[in-house]
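Results of the structural survey
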Amino acid sequence: MQAVTPVPAGAVSFGTGHPLVFILGPCVIESESHAVDTAIALKEIASRVGVPLVFKASFDKANRTSLNSFRGPGLEEGLRVLGVVKQRTALPILTDIHDASQAAPAAMVADILQIPAFLSRQTDLIVAAAKTGRAINIKKGQFLAPKDMKHAIAKVTDSGNTKVIVTERGVSFGYNNLVVDPRSFPMLRALGYPVVFDVTHSLQLPGAGDGVTAGLAEYLEPMAQAGVAAGVDGVFMEVHEEPSRAKSDAANALRLDRLEPLLRRLVALDKIARNA
């Protein structure tokens, strides 16, 4: 695998010389108890498997399909909950921001600030996130080629922050569909920074439901395996104990009880990929 600049985020690091990192959690903060219980369960699984873990959850899903969809508790309450999760578990935290004004307060809690794919060309948002000094995870827009991400990366590095992670989450392929080109992973890594595969959102069928985003959760496991075999530095998956009851991305979440065996397979594949 080509060497990339390691990026530290809390107690974990992404990139050359570091193990495959897993970014896991519910799509959105549903309640304090749910976030804490999920984080504790994920930490126990990660500990048994022996993999580094980042907990992710959104305080606001600003790009929901319908005005009536659940968005989350909002900035203030959401960051309070993420702070409780961090205190209880000592896990690094990832959350996404949608506006430049959210960067500084989110950075008080989160170790990684995530730029959503739809906003991957929003200069003010990326610069504000970069200036916090936190690690910045930029999701590649569904409308961008891998090489186009060099410009988004430059917005971070030119703002004085070299802690950049790039996430592949699929590209639009006709109406209501996304595809992942495995060539994207080495293409993105060639830009010199760690690459994460967002398995969950690559399996969305945007707008294909009645006011909600549909998805193909039955392909989560083979897609995750394909991405790791292609040589990524991290895997992003949304996990829920009962996906049908999830308040966001229910059609795309991995059942919690299927996580541990999948992680063990991915670790084995990663060892092969790194020695290729």
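Below: a short report on this structure. (Residues numbered from 1 in each chain as written. Predicted model: local features only at pLDDT ≥ 70, side-chain atom pairs only at ≥ 80, totals over all residues. Heavy atoms only, no water.)

The nonpolar side chains of a soluble globular protein tend to be buried, and buried together. Within the largest apolar cluster, 67 residues are counted, with the highest numbers of intra-cluster contacts made by Phe55, Ile97, Leu113, Met237 and Leu259. For this core, the element with the highest residue contribution is helix α1 (residues 32-49), accounting for eight residues. Not counting the four nearest positions on each side in its chain, Leu113 is found in contact with Thr95, Ile97, Ala103, Ala106, Ala107, Ala129, Thr132, Arg134, Ala135, Ile136 and Asn137. Among the nonpolar cores identified, the runner-up in size contains 13 residues, and Val12, Val21, Val54 and Val196 belong to it. (Core = buried A, V, L, I, M, F, W, Y, C linked by side-chain atoms within 4.5 Å. Buried < 20%, exposed > 50% of the residue type's maximum accessible area, 1.4 Å probe, protein only. Helix = DSSP H or I, 4+ residues; strand = E, 2+ residues; numbered from the N terminus. Contact = heavy atoms within 4.5 Å.)

This part covers the layout of surface pockets. Over the atoms, a rolled probe matching the size of one water molecule traces out where space is still vacant. Estimated volume of the largest pocket: approximately 480 Å³. Forming the walls of the largest pocket are 31 residues, and the residues nearest its centre are Asn63, His201, Gln204, Thr213 and Asp249. Residue composition of the lining of the largest pocket, grouped by class: ten nonpolar, twelve polar and nine charged. (1 Å grid on protein atoms, 1.4 Å probe; cavity = no way out; pocket = protein on both sides within 12 Å on 5 of 7 lines; lining within 4 Å. Points joined across faces, edges and corners; volume = space filled by probe spheres on them. Nonpolar A, V, L, I, M, F, W, Y, C, P; charged D, E, K, R; others polar.)

So, on to unusual backbone geometry. Here the phi dihedral of Ala90 falls at roughly 65°; this positive angle occurs in a residue that is not glycine. Following the sequence through the fold, Ala90 ends up in the loop between α2 (75-89) and β5 (93-96). Of the residues examined, Ala90 reaches a relative accessible area of 59% and is grouped as exposed. One non-glycine residue, Asn176, adopts positive backbone phi at about 60°. Turning to its location among the elements, Asn176 is positioned in the loop between β9 (171-172) and β10 (178-179). Its relative accessible area of 37% is what places Asn176 among the partly exposed residues.

An ideal rise of 1.5 Å per residue puts 22 Å on 16 residues; helix α9 (residues 259-274) measures up with 22 Å between its terminal C-alpha atoms. Where α9 is concerned, the buried positions are Leu259, Glu260, Leu262, Leu263, Leu266, Asp270 and Ala273. In an axial view of α9, the angular spread of the buried residues amounts to 150°, which keeps them on one side of the axis. Opposite the buried face of α9, at more than 90 degrees from it, the exposed residues are Lys271 and Ile272. Those residues of α9 hidden inside the fold are in contact with β3 (21-25), α1, α8 (220-229), β14 (234-240) and β15 (254-255). (Expected span 1.5 Å × (residues − 1). Arc of directions from axis to C-beta.)

Let's shift gears to the pattern of salt bridges. Overall, the coordinates contain 18 salt bridges when judged by the stated rule. Taking the shortest distance from any N to any O, the salt bridge between Lys56 and Glu238 comes out at 3.0 Å. Highlighted residues: Lys56 in strand β4 (residues 53-56) and Glu238 in strand β14, separated in sequence by 182 residues. Accessibility expressed as a relative area gives 1% for Glu238, which makes it buried. The partner of Arg265 in a salt bridge is Glu221, with the nearest N and O atoms 2.6 Å apart. Residue Arg265 is located in helix α9, and its partner Glu221 is located in helix α8; the two are separated by 44 residues in the primary sequence. What makes Glu221 buried here is its relative accessible area of 14%. Connected through shared salt-bridge partners, Glu32, Glu77 and Arg80 make up one network. (Salt bridge = Lys/Arg side-chain N within 4 Å of Asp/Glu carboxyl O.)

Quick look at the packing of aromatic side chains now. Following the criterion strictly, the structure yields one aromatic pair and no others. Taking 5.0 Å as the distance between ring centres and 65° as the angle between the ring planes, the aromatic pair formed by Phe185 and Phe197 counts as edge-to-face. Pair noted here: Phe185 is in helix α6 (residues 184-189) and Phe197 is in strand β11 (residues 195-198), with a separation of twelve residues, a long-range link. Assigned by exposure class, Phe185 and Phe197 land together as buried. (Phe/Tyr/Trp six-rings, centres within 6.5 Å; stacked < 30°, edge-to-face > 60°.)

Turning our eyes to something else, we now look at the pairing of β4. On a regular strand, one side chain projects to one face of the sheet and the next to the other, so that they alternate. Burial of β4 is two-sided: the residues Leu53 and Phe55 facing one way and the residues Val54 and Lys56 facing the other way are all buried. With three bridges joining them, β3 and β4 adopt parallel strand pairing. Residue pairing in the sheet places Leu24 in a bridge with Phe55 of β4. Handedness of the crossover is the feature at issue here: the chain leaves β3, passes through α1, returns alongside β4, and the resulting connection is right-handed. Two elements, β4 and β5, share two bridges in a ladder whose sense is parallel. Looking at β5, one finds that Lys56 is bridged to Leu94. (Pairing = 2+ DSSP bridges. Right-handed = clockwise from strand over helix to strand, strands pointing away.)

In helix packing, the relevant descriptors are the interaxial angle and the interaxial distance, both defined with respect to the helix axes. Where α1 contacts α9, the axes come no closer than 10 Å and their chain directions differ by 35°. Crossing of α1 against α9: the hand is right-handed. The segment α1 lies against α9, with Leu42, Ile45, Arg48 and Val49 engaging Leu259, Glu260, Leu263, Arg264 and Val267. Here the residues of the contact of α1 with α9 sort into six nonpolar, no polar and three charged. (Axes fitted to C-alpha atoms, helices over the stretch in contact; angles between N-to-C directions. Left-handed = near helix turned anticlockwise from the far one by under 90°.)

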